[in-house]
Amino acid sequence: MLTLKLIENKPEEVVARLAVKGFDAARLIDEITMLNDKRKNIQAELDGLLAEQNRMAKEAGVEIGRLKKEGRMDEAESIKLQTAEKTNDLREKSKGLESEAKTSEQKLHESLVLMPNLPHESVPRGRTAEDNFMVRSGGIIPPKSGKLPHWDLAARYDIIDFELGNKLTGAGFPVYKGKGAKLQRALVSFFLDHNIEAGYLEVQPPYMVNEDSAFGTGQLPDKEGQMYHATADNLYLIPTAEVPVTNILRDCILQNSDLPVKLTAYTPCFRREAGSYGKDVRGLNRLHQFDKVEIVQVRKPEESYQALDEMVAHVEKLINKLGLPYRIMRLCGGDMSFASALTYDFEVYSAAQERWLEVSSVSNFESFQANRLKLRYRSENKKTELLHTLNGSSLALPRILAALLENNQTENSIIIPETLQTYTGFSSI
RNA sequence: GGAGAAAUGGCCGAGUGGUCGAAGGCGCGCGCCUGGAAAGUGCGUAUACUCCAAAAGGGUAUCAAGGGUUCGAAUCCCUUUUUCUCCGCCA
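Residues numbered from 1 in each chain as written. Chains lettered and ligands numbered in written order. Predicted model: local features only at pLDDT ≥ 70, side-chain atom pairs only at ≥ 80, totals over all residues. Heavy atoms only, no water.

**Q** Could you give an account of the overall build of chain A, naming the residues involved and the relevant values?
**A** The number of helices and strands found in chain A is 13 helices and 16 strands. In summary, chain A has a C-alpha radius of gyration of 28 Å against a globular reference of 22 Å for 429 residues, an excess of more than 25%. Put simply, chain A has 429 residues, and 48% of those count as buried. Of all intrachain contacts in chain A linking residues separated by at least 6 positions in sequence, the fraction that spans at least 24 positions is 74%. (Helix = DSSP H or I, 4+ residues; strand = E, 2+ residues; numbered from the N terminus. Rg over C-alpha atoms; globule rule 2.2 N^0.38 Å. Buried < 20%, exposed > 50% of the residue type's maximum accessible area, 1.4 Å probe, protein only. Contact = heavy atoms within 4.5 Å.)

The following block contains the structure:
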């Protein structure tokens, strides 16, 4: 959520920057300005009325107290009646205004949450993934010849059972078996350990969150259909660890000494992915439940882009250690998420499918999430200021697993990267 | 799930109808004292919205959340949430 201050003080800049995302903000800004003026007027009038009531009650109170002390009960009663009569009108009026103020505030909020985050100035213009800018690439793309796709390998070595998942739950809920299961566990530990080493604090958050949390990170109201919803208790299965982990900081005012906040968490992620079918979602490419290790940072505004670079370098190191061919893309305006100011996507090359698979997305949200979360810190001049939030996957498992299986296959086995072997306890499948 | 008790500022804790944004303490900040530190001592120390060009200052709201009673609510009533104790169930 953008701050009202920004929208009202620099409307031209907001319009210009959002054009990069292909979003026409002009009308929405007018609406927001109008709604906010209305809200202010109502609030000012209401405050005046309430002030008047408070004043009268205070005056009457002093008088009533004095009379009672002197035992002049009748006179006290009559002042009560008089005041009641005088304030009756005011009370009626302020009740009405109060509900008006509430609706106008709600409307303002509804419009405000429609406004996407401003893209950073380095974000390239563009509409689709075609327009993303490749920052750099690394690793060696193996030859395609004789490579089987991971779903065939999974069946051949009996390490991932998609059919069994269908029986238990449905499509998109595979069962990992034997070395497949161990490999999953190894990857989670490998990622977590490296994150901890880089200064992140490991947390184990709940896998279900309440409405407030889903609102806090912006899953609600717009992405309601993406989440599994347990209606009996009104809880949502998390689509990413970002939701519970970032909400840890909701409604917090941090001190200088609390910063920077660096958290990492492993969680399963649950996504309904309604409406996506076909070959792009085959095998591990798109699942309803998958494992991911997430990193989250909370930084002072002036440090956040440096932190973003650190995070990108960190994720790159992990992929390098696994020996996977990769490329880093700076997303164009049209391909970026609603809340992001700057996003780098990591893609690894999948040899048998001959395509790039997105395995991580590292973003700086600047104060966009913090504003909604009310996440602030006390700056040098003692004022509270919004912090910047960043997050990234380090990493999402299924596509890493797919790439590992496909790229490292030999005729009769799959080679486990050396760095992982201490975690798996075996060197090949 | 049943019965009972409770929820107050960063923390502890007082406050059962009035001048209470809230005593006192701890913590924290700034000073004084000291050669320096501790102790002592003085002052300050919530958030959001809003008025004012800004500062100073003012207004409104907030004592778990939402409603109600009252001239007036942290205090009384109702609903919800959470916590604790006992019982039941249970990995």
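Right, picking up where we left off after that structure.
**Q** Provide a residue-level description of the packing of aromatic side chains, including the pertinent values.
**A** Any aromatic ring pair is given by two values, namely how distant the centres are and how the planes are angled relative to each other. Here the structure, examined in full by the defined rule, presents 5 aromatic pairs. With a centroid separation of 6.4 Å and 55 degrees between ring planes, the pair formed by Phe173 and Tyr228 is classed as tilted. Within this pair, whereas Phe173 is found in the loop between helix H6 (162-168) and strand S3 (175-176), its partner Tyr228 is found in the loop between helix H8 (211-216) and strand S6 (229-230), the two being separated by 55 residues in sequence. Residue class for Phe173 comes out buried when judged on its relative accessible area of 16%. Relative to Phe368, the ring of Phe338 has its centre 5.9 Å away and its plane inclined at 75 degrees; by these criteria the two rings are edge-to-face. On the criterion of sequence distance, the pair formed by Phe338 in the loop between strand S11 (326-330) and strand S12 (342-350) and Phe368 in helix H11 (residues 368-373) is long-range, its members being 30 residues apart. When its relative accessible area of 6% is taken as the criterion, Phe368 is described as buried. Following the ring pairs from residue to residue traces out a cluster consisting of Phe190, Phe191 and Tyr423. (Phe/Tyr/Trp six-rings, centres within 6.5 Å; stacked < 30°, edge-to-face > 60°.)

**Q** Describe the domain arrangement of chain A, and please don't skip the residues or the numbers.
**A** Here the domain parsing of chain A yields domain 1 (4-112) and domain 2 (129-424). One C-alpha centre belongs to domain 1, the other to domain 2; they are set 44 Å apart. (Domains from an automatic or database assignment.)

**Q** A description of the protein's contact with RNA strand B should follow, citing residues and the corresponding values.
**A** The immediate surroundings of RNA strand B are formed by 21 residues, with Arg39, Asp47, Lys102, Arg376 and Arg378 found nearest. Between RNA strand B and Arg39 there is a distance of 2.8 Å, counted from a sugar or linking oxygen to a side-chain nitrogen or oxygen. Take Lys102: an N or O atom from its side chain is 2.8 Å from a phosphate oxygen of RNA strand B. Contributing elements (two or more residues each) for the surface near RNA strand B: helix H3 (26-69), helix H4 (73-112) and strand S14 (376-378). Of the residues contributing to the surface near RNA strand B, the split by class is 7 nonpolar, 5 polar and 9 charged. (Near = heavy atom within 4 Å. Polar contact = N/O pair within 3.5 Å; in protein donor to acceptor, adjacent residues only side chain to side chain. Nonpolar A, V, L, I, M, F, W, Y, C, P; charged D, E, K, R; others polar.)

**Q** Quick rundown of the sheet that holds strand S7 (residues 235-237)? Include the residues and the values.
**A** Spatially, 3 strands are ordered S5-S7-S6 in an open sheet, and the strand pairing comes out antiparallel. Looking along the sheet, the strands with just one partner apiece sit at the ends: strand S5 (208-209) and S6. Examined bridge by bridge, S5 and S7 share 2 bridges and lie antiparallel to one another. Paired with Met208 across the two strands is Leu237, which belongs to S7. (Pairing = 2+ DSSP bridges.)

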